[in-house]
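Structural overview for review
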Amino acid sequence: MAASVLTPQSADFPRWYQDVVAKAELAETGAARGTQIIKPWGYALWERIQGELDARIKATGHDNVYFPLFIPMEYFEREAEHVEGFSPELAVVTHGGGKELTEPLAVRPTSETVIGEAMARWIQGHRDLPLLLNQWANVVRWELRPRLFLRTTEFLWQEGHTAHATWQEAQDETLRILVEVYAEVLRDVLAVPVLLGRKTEAEKFPGAESTYTLEGLMRDGKALQMGTSHNLGQNFATAFDIAFTDESGARRQAWTTSWGVSTRVVGGLVMAHGDDRGLRLPPAVAPLQVVVLAVKDDTIPVAQRLAAELRDAGVRVRVDQRTNLSFGRRAVDWELKGVPLRLEVGPRDVAAGQATLARRDTGDKSAVALHAVAAQLPGLLDAIQAAMLDGARERRDAATIDVADPDEIDGPGFFRLPWAQLGVEGEARLAERGYTVRCLLTADGGIPGGGPDRDDAGLVAYVAKAY
RNA sequence: CGGGAUGUAGCGCAGCUUGGUUAGCGCGCCACGUUCGGGACGUGGAGGCCCCGGGUUCAAAUCCCGGCAUCCCGACCA
C-alpha cells in the first residue's frame, strides 16, 4: 500500500477536508477573498445534484425563473428582521459606469425582496395562487470566514419562492419541499441521512415565521445544515403588499415561503462519506459510476468493449487508457475522486476471461467474468448505494446520545434532550461553548408544527457543534 | 472586528538572524529511454517584477518605514 496522500481524518479533519477538495480536484480558492473556482469534477457533482433537485422541484409543480443579481438597497429595508439579518453580509455596488450611483445596489444575498416585489404585481386574484417559483442562481454573502463549498462569499444554489392563499397552504408547501424534494435527494441520491426539524427562534431565517432544516452529521461528528425551508408567514407579503382578491371579493394578504439548497451540500457529501483515501461517492450522485482501467495498451480494446456494454446498460462509465501513467497513480487518482467501481482490465485478467473489480466504498477486490460485467454491475451499484446510506445512518445513530442535563453535552455527535430542559437561556449558554440547537423534533421523531398557536413544550432538541 | 502567522517558479518550502557573483530544494511540467497489476526511475530541459511602494547602502530576497493580500483560531452564516 502506498503512503497516504491525504492528511488522515483522525489527525486533522479540517486539513483532511482541504486536502481532499484539492487532490480530488473539486475546487480551489478564487483570487478575490472567499470566492471559489469550482473545477470540472466538483461541478459535475453539483450538476448531478442540481438535476435531481430540479426534477423534483418541477414534479411538485414549480416553474423556474430568473431574477436580477442587483437589488435596490431600499428593498431590504422594507422587512425589519430581514434587513437586520442580512445587512452585515451585503455586498453593495456604489459605482457604475464610472459614476457614483444615486441608489446603491445590493448584490443579492437571497431574493425574497425582488421576487416579493414582482409577486405583488403578478398576483391579483385567488386564481393566481398558488404561485410556485424557483430559481437557480449565484448569491453573495460577505462571509467572515470562508471555506471551500461550506461557506464561500459567492455560492450557487436554488431558491424557491411561493405564495399561497392560506397559512396552511404555505405550511404544507414548506414541509412538502423539505420532505419530498430535499430529504429525498439527500437520502436517496447523496446517501446522507438527515434530521428533519424546525429551527429555534434564535436560529431561524431573518424574516421567517418558522424555519425548517435538514441536518446531516459529518464524519468528525459536527453537524451541517444541508438545506432550509421557511414559512415566511405574512412578513414579506406585508412588506411588499402581496395581496389578492378572494372568492368573496375580499382583499386578502398572501402567505409566502422560501427554501434553498446550495453548493454547500457538495462539501457535506465529501465530509459525510469521505475516508482517508479520498472521496467516496454514492453511485446515484457519482458523475462516473465505473472507471474501466486498461492496465496495458493491449487491453484497451477489451476495456472499451466493456465500457460500451456498461453504457448500454445505463451506467455512467469512462475508460482510463492513460497507459503512460503507472497503474498505482491511476488507481489512486480514481480513489481520490471517489468513483464507486473500478474495473481493472489487465493481460492476466483477459487471459483468464475476467476483470478485477474494486469497490471504492469497502475497498474489496474481486474477479468478475468478462461476459457478466454488464449484467452484474448495475445491481452492484444499487447495492453500494444502499450500503452507503446504511453505513452513514449507523454512524449517525451511534453518534446520537441522549442526555438528561445540558452540562453533559460535550464532544462530537448529536446530543438529544427535551427542549423544555434547555429553553432560550439554555440555548444561549450552549452557544457560549460552541454548541447550537440544530433543530427541534417531536417526541416521536416527527417534524414539529409551526404557526402562532404551536406548542413547543414536548419537543426534543438535537444539539451539536456545526459548520 | 479581536488573537496568531505568512507572502520567494504552477504547488509545497529553504535562504533572511550576520546584505556580497549565475536565488536553491522537493513535487509538478517538457523531451528521450527504461518502466508501469497500488502514487516508478534515469538523463537532459523549461520555468522567478523574491507581494507592492519608498528608504538605507558601492551593493537588498535579506536591513528600515509604509501599504496590500492571504491563511489559521474566535463571533456571523446556506
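Residues numbered from 1 in each chain as written. Chains lettered and ligands numbered in written order. Predicted model: local features only at pLDDT ≥ 70, side-chain atom pairs only at ≥ 80, totals over all residues. Heavy atoms only, no water.

**Quick word on the sheet that holds strand β5 (residues 91–96)**
Convention followed: Paired strands are those between which DSSP finds at least two bridges. The secondary structure listing takes helices from DSSP runs of H or I that are at least 4 residues long and strands from runs of E that are at least 2 residues long, numbered from the N terminus. Note on definitions: angles span 0 to 180 degrees between N-to-C directions of axes, and those axes are lines fitted to C-alpha atoms, for helices only across the stretch in contact.
The strand order across the open sheet formed by three strands is β4-β6-β5, and the pairing between neighbours is antiparallel. Edge strands, defined here as strands with exactly one partner in the open sheet, are β4 (70–72) and β5. The mean inter-strand angle of the sheet, taken between neighbouring strand axes irrespective of direction, is 50°. Where β5 meets strand β6 (residues 99–107), five bridges bridge the pair, whose relative direction is antiparallel. The partner of Val93 across the bridge, within β6, is Leu105.

**Description of empty space enclosed by the protein**
Threshold: Every definition here rests on a 1 Å grid over the protein atoms only: cavities are sets of points where a 1.4 Å probe fits but cannot get out, pockets are open sets enclosed by protein on both sides within 12 Å along at least five of seven lines, and lining residues have some atom within 4 Å of a point. Grid points are joined across faces, edges and corners, and a volume is the space filled by probe spheres set on the points.
The full count for this structure, using the stated rule, is two cavities of 30 Å³ or more. Among the elements of the structure, α5 (112–122), β8 (154–164) and β14 (255–262) are those that each provide at least two residues to the lining of the largest cavity. Of the residues forming the lining of the largest cavity, the biggest block, three residues, is contributed by α5. By volume, the second largest cavity is sized at about 40 Å³.

**Topic: the protein's contact with RNA strand B**
Selection rule: Note on definitions. A residue lies near a molecule or strand when any single heavy atom of the residue is within 4 Å of it. N or O atoms closer than or at 3.5 Å make up a polar contact, with two conditions inside protein: a donor-capable atom paired with an acceptor-capable one, and, for residues adjacent in sequence, both atoms drawn from side chains. We call Asp, Glu, Lys and Arg charged. Ala, Val, Leu, Ile, Met, Phe, Trp, Tyr, Cys and Pro are nonpolar, and the rest, Gly among them, are polar.
Residues in close proximity to RNA strand B total 38 residues, the closest being Val5, Arg145, Arg329, Glu335 and Asp349. The sugar and phosphate moieties of RNA strand B supply 43% of its atoms located within 4 Å of the protein. One nitrogen or oxygen atom from the main chain of Thr323 is found 3.1 Å from a base oxygen belonging to RNA strand B. Within the side chain of Ser326, a nitrogen or oxygen atom sits 2.7 Å from a phosphate oxygen of RNA strand B. In terms of residue count, helix α10 (residues 327–337) provides more of the surface near RNA strand B than any other element does, seven residues in total. The residue makeup of the surface near RNA strand B, split by class, is 13 nonpolar, nine polar and 16 charged.

**Points about the domain arrangement of chain A**
How we decide: Where a domain begins and ends is set by an automatic assignment or by a domain database.
Split by domain assignment, chain A resolves into domain 1 (13–273), domain 2 (290–383) and domain 3 (400–464). Distance from the C-alpha centre of domain 2 to the C-alpha centre of domain 3: 47 Å.

**Looking at the layout of surface pockets**
The volume enclosed by the largest pocket comes to roughly 1,100 Å³. Along the walls of the largest pocket sit 39 residues, with Glu89, Arg141, Glu143, Gln225 and Arg264 positioned nearest its centre. Put simply, the parts of the chain that give the lining of the largest pocket at least two residues each are α4 (80–86), β8, β11 (223–231), β14 and β22 (436–441). Considering only residue class, the lining of the largest pocket consists of 15 nonpolar, twelve polar and twelve charged.

**A closer look at helix α9 (residues 300–312)**
Inclusion rule: Expected span of a helix, by definition, is 1.5 Å for each gap between consecutive residues, and there is one gap fewer than residues. Should any heavy atoms of two residues lie within 4.5 Å, those residues are counted as being in contact.
Taking 1.5 Å of rise per residue, the 13 residues of α9 would be expected to cover 18 Å, and the 18 Å separating its terminal C-alpha atoms lies within 8% of that figure. Against β15 (290–294), β16 (317–320), β17 (341–345), α11 (347–351) and α12 (373–398) lie the buried residues of α9. Two residues or fewer after α9 comes Gly314, characterised by a positive phi angle close to 90°.

**A closer look at the environment of Asp275**
The condition is simple: Relative accessibility thresholds used throughout: buried, under 20% of the residue-type maximum; exposed, over 50%; partly exposed, between the two (1.4 Å probe, protein chains only).
Relative to the elements of secondary structure, Asp275 occurs in the loop between α8 (264–273) and β15. Residue class for Asp275 comes out buried when judged on its relative accessible area of 18%. Remark: the alpha-carbon pair of Asp275 and Glu215, spanning 60 residues in sequence, is separated by 20 Å. With sequence-adjacent residues up to four places away left out, Asp275 is seen in contact with Leu6, Gln9, Trp16, Arg219, Arg280 and Arg360.

**A look at helix α1 (residues 13–23)**
All buried positions along α1 are accounted for by Phe13, Trp16, Tyr17, Asp19, Val20 and Val21. Elements in contact with the buried residues of α1: β1 (27–29) and α8. Of the residues trailing α1, Glu25 is marked for its positive phi of about 60°.

**As for the packing of helix α2 (residues 40–59) against α8**
To keep things clear, this is the line we draw: Here the word oblique covers every angle except those under 35 degrees (roughly parallel), over 145 (roughly antiparallel) and from 65 to 115 (roughly perpendicular).
Where α2 contacts α8, the axes come no closer than 10 Å and their chain directions differ by 110°. When the axis of α2 is compared with that of α8, the two are roughly perpendicular. Of the residues in α8, those touching α2 at Leu45, Trp46 and Ile49 are Val265, Val266 and Leu269. When its residues are assigned to classes, the contact of α2 with α8 shows six nonpolar, no polar and no charged.

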